[in-house]
Amino acid sequence: MDQQNGYILQVEGLNVCYGAFKAVTNVSFNVSPGEIFGLLGPNGAGKTSTLSSIEGLMQPQSGDILVAGYNIKEKPLYAKANTGVQLQSTSFQPELFVGEIIQLYAGIYGVEMNQDKLDNILSDIKLKDATTKRFGQLSGGQQQRVSLVIAMIHNPRLVLLDEPTSGLDPQSRRQLWERMESLRSNNHAILLTTHSMEEAEAVCDRIAIIDHGQIVAIDTPSALIDKHRHDPEVIKASRKGKITLEDVFIGLTGFAIRS
Amino acid sequence: MQTIIPSSKTVLTALLKADFTTQWRNRKAVVLLLLVPVIILISWKGVADKLGGAFVLSNCITIGLNAVGLMGYSNSIARDRDKGVFQRLRVAPLPSWSIMVSRLLVQLTMILLVTTAVFIAGSNIDKITLAPLGYTLGYMTAISGGAVYLGLGQAIVGLIKNAETVNSTTRLVYFVFIMVGMFGELGMLGEKIGAIVKWSPYGVVKHIISSAMQPGTWDQQTSIALLATVLYAIVFAALGIKKFRWNAR
């Protein structure tokens, strides 16, 4: 099976509920090969529920999610086999060494992994000496690099990155952006969630802003700024006269701090 | 591009390798887990003749099984759930059951290790030896009994989400089981408590292991105890599976 309409990820009419509370309402979007798609929203807006549904960690109440043409409800293993995931707070068994963790996930995804290949992978992310280190002993940036290697170990068509640069220093963040761009140039589709408007503007081809479980805007970063630059709320949010993506985001989602 | 789904065997092999490595790295905890029943066995050396070899061995094995299910299994599950280890595994193309099967196979090994440690210590220290059939049936009933405590451990992690609370609860249940179980079995807590202990998860497991080690003593009461063991295992496991959430949040 291959993806329909050329999309790697198709989300159609997604609804997620927690009891009586509707976390996601009728969310639809698509991500194409070679595209970095950003999902932005304030805390509690429905980003994690949407992402968890795509990851197969949560059963949506209704709606369809297709990864490379496979419906996550009907063919969850096939959809997951086409998806690489970097969770927000990735954790592995603390007793395992980095090399063992990579071998575990290679085994789970059915990827051949000998010592040479493992050494190459770790050299590639400048962590050759980390084979016998535990994941917890690595710095935040190193952990993110290992997590991304594991997410990409089976060369997935869709990569889900959940706030991958939070807590990273500017150098590590730039390095991760370069890796994302390299994945994009290799035709991988990337769905990224982030709270950093700078990051969204720098790497995303298109952005969806989600609030109260609904998509309130979807377009390229520059088109979003152009479209909303005259909105009174956006002008009110502007701090230096020049309208930024952050101003548009605040203008569309409000000034109130979310829990 | 063709989508490749790894076979269950490949997935299980990878999980087992990781889970056994994790267990090996926690070998100090494993040694402690084995030491408790062995120390009790040594401390009972003087009364082994009076109480009977099967009584002493079955008590010690039951205590070891308690530790495997309550201290080992439930705490490792609670910790990994709390840290998000399961969520990371679940986004991979593997059936959820394979994660638990791998964990349970590690615990099955622990059950066999505890039973073997008690048999070896019993033979070398207390000079308690059994017929080959007694050893074989002893292992089989230890596995059945182990299922009760693994089920109970599963029920606890199903009902309690917080890893710290799971840890303190399992310690409390473990302590109550071994103290009330051991002394109740010996009739030191009165007839009423003795009767309750006899049909408790501690009593029935101890009963079937003891009878299995001396197959000639297997009677109707033992068969009822075996039935009770199976029922306990099913009820605890069903409750644990029904209430279990992969995510602690």
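Values in this document were obtained by computation on a predicted structure and should not be read as measured data.

Quick notes on the rules
Residues numbered from 1 in each chain as written. Chains lettered and ligands numbered in written order. Predicted model: local features only at pLDDT ≥ 70, side-chain atom pairs only at ≥ 80, totals over all residues. Axes fitted to C-alpha atoms, helices over the stretch in contact; angles between N-to-C directions. Helix = DSSP H or I, 4+ residues; strand = E, 2+ residues; numbered from the N terminus. Parallel < 35°, antiparallel > 145°, perpendicular 65-115°, else oblique. Left-handed = near helix turned anticlockwise from the far one by under 90°. Contact = placed C-beta atoms within 7 Å. Nonpolar A, V, L, I, M, F, W, Y, C, P; charged D, E, K, R; others polar. Pairing = 2+ DSSP bridges. Core = buried A, V, L, I, M, F, W, Y, C linked by C-beta atoms within 7 Å. Buried ≥ 20, exposed ≤ 12 C-beta atoms within 10 Å, placed from the backbone.

Enquirer: Would you take a moment to explain the packing of helix 2 (residues 27-43) of chain B against helix 4 (residues 53-83) of chain B for this structure?
Expert: Each pair of packed helices can be summarised by the angle the axes make with each other and by the distance between the axes. All names here are of chain B. Here helix 2 crosses helix 4 at 160°, and the two axes come no closer than 9 Å. Taken together, the axes of helix 2 and helix 4 are roughly antiparallel relative to one another. Two packed elements cross with a definite hand, and for helix 2 against helix 4 that hand is right-handed. Within the contact between the two elements, helix 2 uses Leu33, Val36, Pro37, Ile40 and Leu41 and helix 4 uses Val56, Cys60, Ile61, Ile63, Gly64, Ala67, Val68, Met71 and Gly72. Its residues placed into classes, the contact of helix 2 with helix 4 shows 12 nonpolar, 2 polar and no charged.

Enquirer: Got a minute to help me understand the sheet that holds strand 9 (residues 206-211) of chain A in this structure?
Expert: Neighbouring strands of a sheet are bound in pairs by backbone hydrogen bonds; such pairs are parallel or else antiparallel. Residues and elements named next belong to chain A. Pairing is mixed across the open sheet formed by 6 strands, whose spatial order is 6-7-8-3-9-10. A single partner strand is all that each edge strand has here, and the edge strands are strand 6 (83-86) and strand 10 (214-219). Averaged over all neighbouring strand pairs, the angle between strand axes comes to 15°, with direction disregarded. Across 5 bridges, the pairing between strand 7 (residues 158-162) and strand 8 (residues 189-193) is parallel.

Enquirer: Help me understand the sheet that holds strand 2 (residues 21-31) of chain A in this model?
Expert: Residue and element names in this part refer to chain A. The strand order across the open sheet built from 4 strands is 2-1-4-5, with neighbouring strands paired in antiparallel fashion. Edge positions in the sheet fall to strand 2 and strand 5 (70-71), since each has one partner strand and no second. Inspection of the sheet shows strand 1 (residues 9-18) paired to strand 4 (residues 62-67) by 5 bridges, in the antiparallel sense. Within strand 4, the residue paired with Glu12 across the bridge is Asp64. Packing of helix 1 (residues 47-55) onto the sheet brings it into contact with strand 1, strand 2 and strand 4, and relative to strand 1 it is tilted by some 120°.

Enquirer: Please explain the packing of helix 3 (residues 98-108) of chain A against helix 5 (residues 140-151) of chain A as it appears in this structure.
Expert: All names here are of chain A. Two elements in contact, helix 3 and helix 5, have axes whose closest approach is 10 Å; the angle formed by their N-to-C orientations is 20°. Classified by the interaxial angle, the pair formed by helix 3 and helix 5 is roughly parallel. Helix-helix and strand crossings are classified by hand; for helix 3 and helix 5 the assignment is right-handed. On the side of helix 3, the interface is formed by Val98, Ile101, Ile102 and Tyr105, while helix 5 contributes Val146, Val149 and Ile150.

Enquirer: Would you explain the nonpolar core in this entry?
Expert: The nonpolar side chains of a soluble globular protein tend to be buried with one another. Of all hydrophobic cores here, the largest spans 85 residues; its most connected members are Leu9(A), Val67(A), Tyr105(A) and Ile190(A). The element that contributes the greatest number of residues to this core is helix 3 of chain A, accounting for 7 residues. In this view, Leu9(A) contacts Asn30(A), Val31(A), Ile54(A), Val67(A), Leu158(A), Ala189(A) and Leu191(A); residues no more than four positions away in its chain are not counted. One finds Met71(B), Ala117(B), Ile128(B) and Leu137(B) within the second-largest nonpolar core, a separate group that totals 60 residues.

Enquirer: What is the right way to read the interface of chain B and chain A from this model?
Expert: How large an interface is tends to be reported as the accessible area lost when its parts come together. Counting residues at the interface gives 24 residues for chain B and 25 residues for chain A. Listed by contribution, the elements that provide at least two residues to the side of chain B that touches chain A are helix 1 (8-25), helix 4 and helix 5 (85-90) of chain B. Broken down by element, the residue count for the side of chain B that touches chain A peaks at 8 residues, all from helix 1 of chain B. Of the residues contributing to the side of chain B that touches chain A, the split by class is 11 nonpolar, 8 polar and 5 charged.

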